[in-house]
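Examination of the molecular architecture
What follows is the residue order along each chain.
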Amino acid sequence: MPDSAAHAAPPPAPPPAAPLARFAFLLAASFLGVGVSMPFLPPFLAGKGLGAEAVAQVLFAGSLIRFFVSPALGRLADRIGDGRLVMIPCAALAALAAPLFLPAEGFWAVLGVQLLFAAAMSPLSPVGEAMALAATRRAGVDYGPVRAAGSAAFILGAVGAGGMAAWAGYAAVPWLLGGSYAAAVLAAWVLPRPERAPPRPAGAGGLRGPFALHLLRRPGFGRLVAISALVQGSHAACYGFSSIHWARAGHSAETIGLLWAEGVLAEVLLFLWARRLLGGMSPRALMLLAAGTGILRWVGMALTTEIWALVPLQALHAVTFGAQYMGAMRWLSANPPPGEALAAQSLHAALGTTGAQAMCMLASGWLYARAGGAAFLAMAVLCLLALPVAWRWRAGR
């Protein structure tokens, strides 16, 4: 028998767990603040005397400033070659800005704080996700479990903030946000130093327009952004007004926090078992699944606030958000633009999530002020529109 096996190359070493754990810590710290703000910043603002339309306008302004700032900072992170140098000062500024919500009185003062806070926290999730996605791709492991750390932290933020709000009132929300983003400073600080990137060809990665419009002309990317905008934008009424809607129906702050946590727990389980549950599904199939499920979820939320219905409807968040998100991440991971992965991730987040939700949030505020829970029906229409867009989508166009 030949002795060739003795001279065969040894199997590749397993990827080091420590760097991936640091990226998981970064996502957890980034999403901890989101878990506090998304369910409980709207009722905090309502408690300061802002009506439904004013709350929507403040949330819209925060989304709008993220729409402008996030791609620019993502592009800056690409140029620097080290996303930490963008995330650390931004997380520190967000931690300092959040407590300013407490003394702010009146619409314009609250709006000013919101613009500062939203601009500061805007790059943390997209840049952190892009760096974590690249790290898992290099290590040859599934991204889902790493991203699940962010969703688990969201649950901790939602449940913890719900308990604190029930005990100390919604005035606890800004302090919890400040602590969350202080943790994000530490998480970005301990990230491994990136390897030096090879020099890019002259002219590579140049911006053509303020939002890198040349990226939208890449095959498949523009349609991906459109699908994400419709499906993720359909969550605006839920993100902006479900807590207010459920509180008006008589549900306690603890119950509201648990409903939010339940939805994200379902998302965590999907991410942890993504390879088993979604392994054979293409990005296009995941988009179709998310849009179809979104129609069911938003129609159900428009029709009832009964807890027996809200529990299964919240579990559908695993599909309406999680499946669509995983489809987008799979496509972006398989088709990273050379030298512009962070910019592409930030642009997708800005147009496909933040910008879409900003416009839908503004519309939701107007609808909710006039029609209450029927505003969720408009979100179902967005998912209905996403179906033909996703059906015609291919990776190459």
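The sections below set out a description of the structure shown in this document.

Considering the overall build of the protein chain
A tally of regular secondary structure across the protein chain gives 17 helices and 0 strands. Looking at the protein chain as a whole, 55% of its 397 residues qualify as buried.

A closer look at the pattern of salt bridges
Counted under the stated rule, the structure contains 3 salt bridges. For Glu 53, the salt bridge goes to Arg 370, with nearest N and O atoms at 3.3 Å. One end of the pair, Glu 53, is in helix α2 (residues 52-80); the other, Arg 370, is in helix α16 (residues 341-371), with 317 residues separating them in the sequence. One salt bridge connects Asp 82 with Arg 84, and the closest N-O pair in it is separated by 2.7 Å. Considered together, Asp 82 and Arg 84 belong to a single accessibility category, that of buried residues.

Overview of the packing of aromatic side chains
Within this structure, the stated rule accounts for 11 aromatic pairs. Ring geometry for Phe 101 against Phe 117: centres 5.9 Å apart, planes inclined by 75°, an arrangement best described as edge-to-face. Highlighted residues: Phe 101 in the loop between α3 (84-97) and α4 (107-121) and Phe 117 in helix α4, separated in sequence by 16 residues. Given a relative accessible area of 0%, Phe 101 falls into the buried group. The buried category is assigned to Phe 117, whose relative accessible area is 3%. When the ring of Trp 331 is compared with that of Trp 393, the centres are 6.3 Å apart and the planes differ by 45°; the resulting orientation is tilted. In this pair, Trp 331 is assigned in helix α15 (residues 317-334) and Trp 393 in the segment after α17 (375-391), connecting sequence segments 62 residues apart. The two residues Trp 331 and Trp 393 agree in class, both being buried. Taken together, the aromatic side chains of Phe 44, Phe 101, Phe 117 and Tyr 181 make up a single cluster linked through ring pairs.

Calculation criteria
- Residues numbered from 1 in each chain as written.
- Predicted model: local features only at pLDDT ≥ 70, side-chain atom pairs only at ≥ 80, totals over all residues.
- Heavy atoms only, no water.
- Helix = DSSP H or I, 4+ residues; strand = E, 2+ residues; numbered from the N terminus.
- Buried < 20%, exposed > 50% of the residue type's maximum accessible area, 1.4 Å probe, protein only.
- Salt bridge = Lys/Arg side-chain N within 4 Å of Asp/Glu carboxyl O.
- Phe/Tyr/Trp six-rings, centres within 6.5 Å; stacked < 30°, edge-to-face > 60°.

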